[in-house]
Amino acid sequence: MKFLAFFIMLLAFVACTDSDKYLHSSEPESIIVSAYMTPSFDSIYERGRADTITPGDSLIFLTSIYPSKSVWSQKYYWTLDGNIFANEYNFKSTVYTPGTHEIVFVFVDYFGDTLSDTLSLTVASPPALDVQNFIPADGMQQVDPYQILHFAWNADDPDSIWNLNYHFMLYENGCDDSCKPLADTIVDRSTFSYVNGFKPLHEYSWYVRAYNEIGQESIEEIAGRFFVRGFNNESAVLGFVKTNTPVDVDSFYITLLDSGLNVVKKIEQRENTFNIGALAKGSYCLHIGLPHFPDFKTDTIRFTLLENQVLSLDTVVLNDRGVPRIASITGRDTLAPEDTLKFLVTDGGSGIDLSRTIARLDGISVNQMTLSNDTLSVPVSIPEASWTKKILVISTHDLSGNEFHKSFYVLPKTTLVEVFVD
Amino acid sequence: MNIVIFNVVSLRSKINRLVLDICLAFMAGVVFEACLDVPNFPDLSGKIQTIEVSVKQGNETYNDPLKINASEDAQLLVDVPSGVDRSQLRCYWFNAGEALDSGLTYDVFTEYMLSSIFRENFIPDKVVLVDREGNSLEKDLQVIVNAPPVLSDSTKPADGDTLWATPTTPIRFSWYAVDRDETVALKNILLVDSQAYNVGTLQSVQQSGFSSGLHTFQVVVIDSYGDSDTLPQRTFTVLDTMEAQ
């Protein structure tokens, strides 16, 4: 009887509960685990599933678990190439061993099911290049224009596991930007042979960078140059001209004199590189100037050429040594009183502009000056009731910093007598 | 009637005692058995499971691959693990099914490597190891007989040469190396004043940067099996053209 009563009560209790919610709920949500790595939490770094680092670089390893990390689990851990790496959801660590590693996040859920996500991490050091010792040595002269030239260099893979490739480039120096490199190639050995010959009495440059299999580039770059000999023991001098202050140069002239100061060559050309040959061995001096910018000057360059030598003067800098000049349009320093005074302001170098020009009338700055071409207009206000001369000082400096000051006297509009009579 | 009842009880008591005695005897037997000297599991450490063969040449040992430098005598060795009684082993070396020799070592003389005929007939392709009980193990061998590269004595500059040069004048270094087995994979290393330049397959390069005075150079050529030839160090003297002028 008691049992029957208990059974009826149990039925009543079950009927009162919302059992459908539990007994007929939809399929349980499946758990999804994801793993990521990122160099930093900084927003510029993206989370990835594959990455390449150098030994010692730290990475942050992250997990994402759906629906949440509060899902019951038996255990979770990370492995690195099958060995336990960490027992945390998120952590920061590094890997030192070079190679490509498999990093796995393993999650064993409450029911013992194992879920995992795999990351790929490559640890590698960039290749190293010997930038001191290579063939041909930097600055080699007398390269035969018609023979094969062999290049060789020393490289090292610090990890000793990667194959190296090299980006080899060969240029003719003094060629403008439109010139293509003579060689621009990837080679899998640390040598290169150029078979197409060279222009006599010219300078060439070559560059090498190393890359390992995973695309890491060497920090260093080999840079070498060599000079090609001419015929009959001829020599040459070459160089590059630049000004200390940028100006729009349309041409420059070069005068080459021998030891007896006889003009050997006189050249005017548009390019800012020069290559003067074929010359006999001996002592020379060189003058370089800009026809439209006489303020740019260089000291006389003296040099001696040996037989078969191509001498590179590298960069010859023309310095703006001339100061700007200021003169009144009348050519006089004492000026008649006018509302606007006009002056000629000229510079044979880097040039002047209004922002670098000031005028003071009796020590007071003059505003609203204008500069049109080389004419400076200075508006001055000469009081009617003044019989004294005013001093106008105009100062200007060019882009190279060469300064010039000039003082002028501005006559009064009235004389002393006129002032007192009035 | 009382006497009968007593006898039944007495019988039960005897049976119980008998069972107790049997149990005690069994336990004593178990204890006794436990005290016996149980023999160890058979020791298999003295048995050879696999054959390992290596090449010994000079101070070098090679086993993967089995490579012999054809210019030097060598020995093929069966590597016997420590703990194995070598005197109980018999070893036979075979070539094309014919026994060449017996013993744990096989001497490979340079004469065997001079020609392909000798190589095909005197270099073992199988080794068989037999123990005292008559158990045998065999292993197929692939012995590589590698002819090392050979550098010619003729070089530029020649030993003792005097050259006129400025520090920017190129000096051509050239040499010649041959290898009976291969021609393309030779790796050349030029050492100039002890500075090594890995010049790959090149056997002629120009280098500058030599000051006036005595200089040295040397060449090492290495084939793909690591066998090499080294040219004795050569010297050359540079006289500076500019100083002379």
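Q: Can you walk me through the overall build of chain B in this structure?
A: Looking only at helices and strands, chain B has three helices and 20 strands in total. Sorting the 245 residues of chain B into buried and exposed places 34% on the buried side. Across chain B, the fraction of contacts at a sequence separation of at least 24, relative to all contacts at a separation of at least 6, is 62%. Carbon and sulfur atoms make up 56% of the accessible area of chain B, which amounts to about 15,000 Å² in all.

Q: Which parts of the structure should I look at to understand the overall build of chain A?
A: On a plain count of helices and strands, chain A comes out with three helices and 33 strands. Here chain A holds 422 residues, and 41% of them are scored as buried. Surface exposure of chain A reaches about 23,600 Å², of which carbon and sulfur atoms provide 51%.

Q: Would you take a moment to explain a nonpolar patch on the surface for this structure?
A: Together, Leu20(B), Leu24(B), Phe26(B) and Met27(B) make up a nonpolar patch on the protein surface, roughly 460 Å² of accessible area in all. Looking at the secondary structure, you find Leu20(B) in helix H1 (residues 2–35).

Q: Where do I start with the packing of aromatic side chains in this structure?
A: Geometry of an aromatic ring pair is reported as the spacing of the ring centres plus the angle between the planes. Within this structure, the stated rule accounts for 35 aromatic pairs over all chains. Judged by centre distance (5.3 Å) and plane angle (80°), the rings of Phe85(A) and Phe91(A) are edge-to-face. The interplanar angle of 65° and the centroid separation of 5.3 Å between the aromatic rings of Phe173(B) and Phe217(B) together place this pair among those described as edge-to-face. A residue pair is termed long-range when its members are at least 10 positions apart, and Phe173(B) in strand S13 (residues 171–174) and Phe217(B) in strand S18 (residues 213–222) qualify at 44 residues. Judged on exposure class, the residue Phe173(B) and its partner Phe217(B) are both buried.

Q: What is the right way to look at the sheet that holds strand S26 (residues 334–335) of chain A in this model?
A: Pairing between the strands of a sheet comes from backbone hydrogen bonds, and it takes one of two forms, parallel or antiparallel. Taking strand neighbours across the sheet as the criterion, the five strands line up as S26-S33-S32-S28-S29 (chain A) in an open arrangement whose pairing is mixed. The outermost strands of the open sheet, each flanked by one partner alone, are S26 and strand S29 (364–365) of chain A.

Q: Would you take a moment to explain the interface of chain B and chain A for this structure?
A: By a widely used convention, the size of an interface equals the accessible area lost when the partners come together. The partner chain A presents 23 residues to the 21 residues of chain B that form the contact. It is Asn198(B), Leu202(B) and Gln206(B) that lose the most area in chain B upon contact with chain A, and together they represent 28% of the buried surface on that side. Counting across the interface, chain B meets chain A through zero salt bridges. Counting every contact that joins chain B to chain A gives eight residue pairs in polar contact (both at pLDDT 80 or more). Within the residue set of the side of chain B that touches chain A, elements represented by two or more residues are strand S16 (195–200) and strand S17 (204–207) of chain B. With six residues, the top contributor of residues to the side of chain B that touches chain A is S16(B). Here the side of chain B that touches chain A is built from residues that sort into eight nonpolar, 12 polar and one charged.

Q: Which parts of the structure should I look at to understand the sheet that holds strand S23 (residues 301–305) of chain A?
A: Residue and element names in this part refer to chain A. In spatial order, the strands read S19-S18-S21-S23; together these four strands make up an open sheet with antiparallel pairing. Lying at the two open borders of the sheet, with one neighbouring strand each, are strand S19 (263–269) and S23. Taken pair by pair, the neighbouring strands of this sheet meet at an average axis angle of 20°, ignoring direction. In terms of strand pairing, strand S18 (residues 252–258) meets strand S21 (residues 282–289) through six bridges, oriented antiparallel. Directly across from Tyr253, in S21, lies its bridge partner Gly289.

Q: Explanation requested: the nonpolar core in the structure shown.
A: Inside soluble globular proteins, nonpolar side chains tend to come together where they are buried. All names here are of chain B. With 26 residues, the main nonpolar core has Val53, Leu76, Val78, Trp93, Val108, Val127 and Leu129 as its most contacted residues. Counting only elements with at least two residues in this core, the list comes to strand S1 (52–57), strand S3 (66–69), strand S4 (74–79), strand S5 (90–95), strand S7 (105–108), strand S8 (126–130) and strand S10 (143–146). Among the elements that make up this core, the one with the highest residue count is S4 (three residues). Setting aside anything within four residues of it in sequence, one finds Val108 in contact with Ile68, Asp73, Ala74, Leu76, Met113 and Ile123.

Q: I keep staring at the confidence of the model for chain B and nothing clicks. Help me out?
A: Interpreting fine coordinate detail is not advised for predicted regions of low pLDDT. Put simply, chain B has an average pLDDT of 84, and 84% of its residues get 70 or more. Contacts from residues 1–6 of chain B, a stretch scored under 50 in pLDDT, to residues over four places away or in other chains number zero contacts.

Q: So what exactly am I meant to see when it comes to the side chain of Ser190(A) here?
A: If you trace the backbone, Ser190(A) turns up in the loop between strand S13 (183–187) and strand S14 (191–194). Classification of Ser190(A) by relative accessible area gives buried; the value is 7%. If we skip the residues at most four places from it in the chain, Ser190(A) touches Phe151(A), Ala152(A), Trp153(A), Tyr166(A) and Asn198(B).

Q: How should I be thinking about the pattern of salt bridges in this particular structure?
A: Opposite charge on two side chains lets them pair, provided their charged atoms get close. Residue and element names in this part refer to chain A. The full count for this structure, using the stated rule, is 15 salt bridges over all chains. Its salt-bridge partner being Arg229, residue Asp144 comes within 2.9 Å of it at the nearest N-O pair. Taken together, the positions of Asp144 in the loop between strand S10 (140–143) and strand S11 (149–156) and Arg229 in the loop between strand S16 (222–228) and strand S17 (235–243) put the pair 85 residues apart, joining distant regions of the chain. Overall, the relative accessible area of 26% leaves Arg229 in the partly exposed class. Sharing partners across several salt bridges, the network here consists of Glu203, Arg225 and Asp314.

Q: I tried to follow the pairing of strand S24 (residues 310–320) of chain A on my own but got confused; where do I start?
A: The two faces of the sheet receive side chains in turn, since in a regular strand these alternate between them. Residue and element names in this part refer to chain A. Note that S17 and S24 share seven bridges and pair parallel. Of the residues in S24, the one forming a bridge with Lys242 is Val317. Pairing between strand S22 (residues 296–297) and S24: two bridges, direction antiparallel. Counterpart to Lys297 in the pairing with S24 is Asn319.

Q: What exactly am I supposed to notice about the environment of Thr185(A) here?
A: All names here are of chain A. Checked against the element boundaries, Thr185 lands in strand S13. The partly exposed category is assigned to Thr185, whose relative accessible area is 25%. In this structure the C-alpha to C-alpha distance between Thr185 and Met169, which are 16 residues apart in sequence, comes to 6.6 Å. Non-local contacts of Thr185, meaning those with residues more than four positions away in its chain, are made with Tyr166, His167, Phe168 and Phe192.

Q: Explain the confidence of the model for chain A to me, please; I cannot follow it from the model alone.
A: With 91% of its residues at a pLDDT of at least 70, chain A reaches an overall mean of 88. Confidence drops under pLDDT 50 across residues 18–25 of chain A; counting only partners more than four residues distant or on other chains, this segment forms two contacts.

Q: So what exactly am I meant to see when it comes to the pairing of S18(B) here?
A: Residues and elements named next belong to chain B. Looking at chain direction, strand S15 (residues 187–192) and S18 are connected through six bridges and run antiparallel. Its bridge partner being in S18, Lys187 is matched across the sheet by Ile222. In this structure, S18 lies alongside strand S20 (residues 234–240), joined through five bridges in antiparallel fashion. Pairing of Thr216 across the sheet is with Thr235, part of S20.

Q: Explain a negative patch on the surface here, please?
A: All names here are of chain B. On the surface, Glu72, Asp73, Asp101, Asp107 and Glu111 cluster together into a negatively charged patch. With respect to the helices and strands, Glu72 occurs in the loop between S3 and S4. You can call Glu72 partly exposed: its relative accessible area is 38%.

Q: In this structure, what is going on with the environment of Thr201(B)? I would like to understand it.
A: Summarising the element assignment, Thr201(B) is placed in the loop between S16 and S17. Considered as a pair, Thr201(B) and Leu186(B) are 15 residues apart in the sequence and their alpha carbons are 5.8 Å apart. Looking at Thr201(B), its side chain comes within polar contact range of the side chain of Arg189(A), at 3.4 Å.

What counts and how
Residues numbered from 1 in each chain as written. Chains lettered and ligands numbered in written order. Predicted model: local features only at pLDDT ≥ 70, side-chain atom pairs only at ≥ 80, totals over all residues. Heavy atoms only, no water. Helix = DSSP H or I, 4+ residues; strand = E, 2+ residues; numbered from the N terminus. Buried < 20%, exposed > 50% of the residue type's maximum accessible area, 1.4 Å probe, protein only. Contact = heavy atoms within 4.5 Å. Areas by Shrake-Rupley, 256 points an atom, 1.4 Å probe, with all protein chains shown as cover. Patch = residues over 30% accessible without salt bridge, like charges linked within 9 Å, V, L, I, M, F, W, Y side chains within 5 Å. Salt bridge = Lys/Arg side-chain N within 4 Å of Asp/Glu carboxyl O. Phe/Tyr/Trp six-rings, centres within 6.5 Å; stacked < 30°, edge-to-face > 60°. Pairing = 2+ DSSP bridges. Buried area = accessible area lost by both parts, 1.4 Å probe. Polar contact = N/O pair within 3.5 Å; in protein donor to acceptor, adjacent residues only side chain to side chain. Nonpolar A, V, L, I, M, F, W, Y, C, P; charged D, E, K, R; others polar. Axes fitted to C-alpha atoms, helices over the stretch in contact; angles between N-to-C directions. Core = buried A, V, L, I, M, F, W, Y, C linked by side-chain atoms within 4.5 Å. pLDDT = per-residue confidence, 0-100. Lys, Arg positive; Asp, Glu negative; His and termini not counted. Charge placed at Lys NZ, Arg CZ, Asp CG, Glu CD.

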